[in-house]
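# Observations on the three-dimensional arrangement
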Amino acid sequence: MNVNLFKEDKSFVIGMVHLKALPGTVGFKGDMKSIIEKGIEDAKKIEEAGFSAIMVENFGDMPYKVNLDLAQTAALAAATAVIKREVNIPVGIDAAFNDYKSGLAIAKAAGADFIRIPVFIDTVEYFGGIVTPCATKALQYRKQIEAEEVNIFADIQVKHSHMLISNIPIEESARVAESCGADALIVTGTQTGEETPIEMIKRVKNVVSIPVLTGSGTNKDNIREQMNIANGAIIGTSIKVDNNVWNEVDLNKAKEIIENL
């Protein structure tokens with residue numbers, strides 16, 4: 001793991017760059033240039049606000065498939081490479097819904113620092129069907145393309161899904177994810193923008209030695225409480241204009257997050 005991503009004296013706060021719909025998806029408007037320009041604008045605001053890192057996601061590509069098609073992957077790679085060049089903080093990738101291969105390949109090509117894998121060791125059901133764990137394949141592929149420097153941030157019992165076996169405690173998922181090679185874990189609420197329960201963060205922190213991040217619902221009012229337990233946070237909705245996840249990043253809101261740490 002690149003331990004420099006997590007500094008002992010600072011919470012690792014990641015701001016989301018939510019890209020508009022990419023080529024190959026139903027929402028694509030035909031203008032790739034504007035997608036990249038908006039992504040750069042949001043990334044620079046996040047950096048100016050003092051965030052530790054950014055994460056680029058194909059957020060507008062709903063409804064998500066498990067894996068991206070070729071056009072999506074190429075577009076996400078192009079956007080990530082340009083954004084990486086324009087900022088001086090670490091950059092991560094979330095190839096939604098669960099495309100570890102595209103994420104790792106893009107990270108290697110663009111020089112990104114980490115990827116998010118929503119379904120790493122759990123088996124879940126979401127609106128697109130059943131998604132099975134990819135930990136073994138992800139680590140093998142990372143080794144195959146010589147991308148060991150790319151950190152894997154793995155969700156456990158991820159939002160917007162249901163565990164196929166509902167009675168598995170989150171502690172078990174956390175332990176398994178760590179043992180399978182995750183560099184950090186992500187704990188979320190049930191959906192985007194919903195606060196990650198403090199008790200859930202504590203339960204995960206108590207059983208693993210790797211960093212734990214909150215993955216939803218962190219805002220200026222709860223970030224200090226959450227960061228007293230977690231090592232970091234992934235923040236999207238609460239840094240957007242009008243707290244609308246589809247809007248652009250609001251620089252003042254992003255600054256408030258950092259001021260309240």
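Residue positions within a chain follow its written sequence, with the count starting from 1. Local features are withheld for residues below a pLDDT of 70 in this predicted model, meaning they are given only at 70 or higher, and side-chain atom pairs are given and counted only at 80 or more; totals for whole chains, interfaces and linings count all residues. Hydrogens and water are ignored here; the side-chain numbers use all heavy atoms of the structure.

Which entries qualify depends on this criterion: UniProt positions are given in the numbering used here, feature names are shortened, and annotations may be inferred rather than shown by experiment.
Taking an unreviewed UniProt entry as the reference, the chain is identified by name as Photosystem I assembly BtpA belonging to Clostridium fallax. In its Sequence similarities (unreviewed entry) section, UniProt records this for the chain: "Belongs to the BtpA family."

### Here's the deal with empty space enclosed by the protein
To keep it simple, the criterion reads: Here a cavity means grid points, on a 1 Å grid over the protein atoms only, where a 1.4 Å probe fits yet cannot get out; a pocket means an open set of points with protein on both sides within 12 Å along at least five of seven lines; lining residues are those with an atom within 4 Å of a point. Grid points are joined across faces, edges and corners, and a volume is the space filled by probe spheres set on the points. We call Asp, Glu, Lys and Arg charged. Ala, Val, Leu, Ile, Met, Phe, Trp, Tyr, Cys and Pro are nonpolar, and the rest, Gly among them, are polar.
Counted by the stated rule, this structure contains one cavity of 30 Å³ or more. Of the pockets and cavities examined, the largest cavity occupies roughly 30 Å³. His18, Leu19, Lys20, Lys38, Phe59, Lys240, Val245, Trp246 and Asn247 together form the lining of the largest cavity. For the lining of the largest cavity, the residue count by class is four nonpolar, two polar and three charged.

### Things to note about the sheet that holds strand β3 (residues 91-94)
The pairing of strands in a sheet comes from backbone hydrogen bonds and takes either a parallel or an antiparallel form. Selection criterion: By the convention used here, strands pair only if DSSP detects at least 2 bridges between them. By the criteria applied, helices consist of DSSP H or I runs no shorter than four residues and strands consist of E runs no shorter than two, each listed in order from the N terminus. Whenever a helix is involved, its axis is fitted only over the stretch in contact; in every case the axis is a line through C-alpha atoms, and angles between N-to-C directions fall within 0 to 180 degrees.
Read around the closed barrel, eight strands run β1-β2-β3-β4-β7-β9-β10-β11, paired in parallel fashion. Shown here is a sheet whose adjacent strand axes are inclined to one another by a mean of 25°, direction ignored. Judged from the four bridges that link them, strand β2 (residues 53-57) and β3 form a sheet pairing that is parallel. Residue pairing across strands places Val56 opposite Ile93, the latter belonging to β3.

### A closer look at a nonpolar patch on the surface
Note the following rule: Two joining distances apply to patches: 9 Å for like charges and 5 Å for nonpolar side chains (Val, Leu, Ile, Met, Phe, Trp, Tyr), and every residue must have over 30% relative accessible area and no salt bridge. Note that accessible areas follow from Shrake-Rupley with a 1.4 Å probe, and for residues the cover is restricted to the protein chains shown. The term salt bridge refers to a side-chain nitrogen of Lys or Arg lying within 4 Å of a carboxyl oxygen of Asp or Glu.
Taken together, the side chains of Met62, Phe127 and Trp246 define a hydrophobic patch exposed on the protein surface, amounting to about 330 Å² of accessible area. Assignment of secondary structure puts Phe127 in the loop between β5 (124-126) and β6 (129-131).

### Quick look at the sheet that holds strand β8 (residues 162-163)
Taken together, the three strands give an open sheet; going across it, the order is β6-β5-β8, and neighbouring strands pair in antiparallel fashion. The sheet terminates laterally at β6 and β8, the two strands that pair on one side only. For β5 and β6, the ladder comprises three bridges, and the chain directions are antiparallel. What sits directly across from Val124, in β6, is Val131.

### What to know about helix α4 (residues 135-144)
Heads up, the rule is: Relative accessibility thresholds used throughout: buried, under 20% of the residue-type maximum; exposed, over 50%; partly exposed, between the two (1.4 Å probe, protein chains only). It is the directions from the helix axis to the C-beta atoms that the arc portrays. Whether two residues touch is decided by their heavy atoms; if any such pair falls within 4.5 Å, the residues are in contact.
Within the span of α4, buried status applies to Ala135, Ala138, Tyr141 and Arg142. In an axial view of α4, the angular spread of the buried residues amounts to 135°, which keeps them on one side of the axis. Residues Thr136, Lys137, Gln140, Lys143 and Gln144 are exposed on α4 and point more than 90 degrees away from its buried face. Of the surrounding secondary structure, the elements contacted by the buried residues of α4 are α3 (100-110), β4 (114-117) and β7 (151-155). Phi turns positive, to about 55°, at Glu146, one or two residues after α4.

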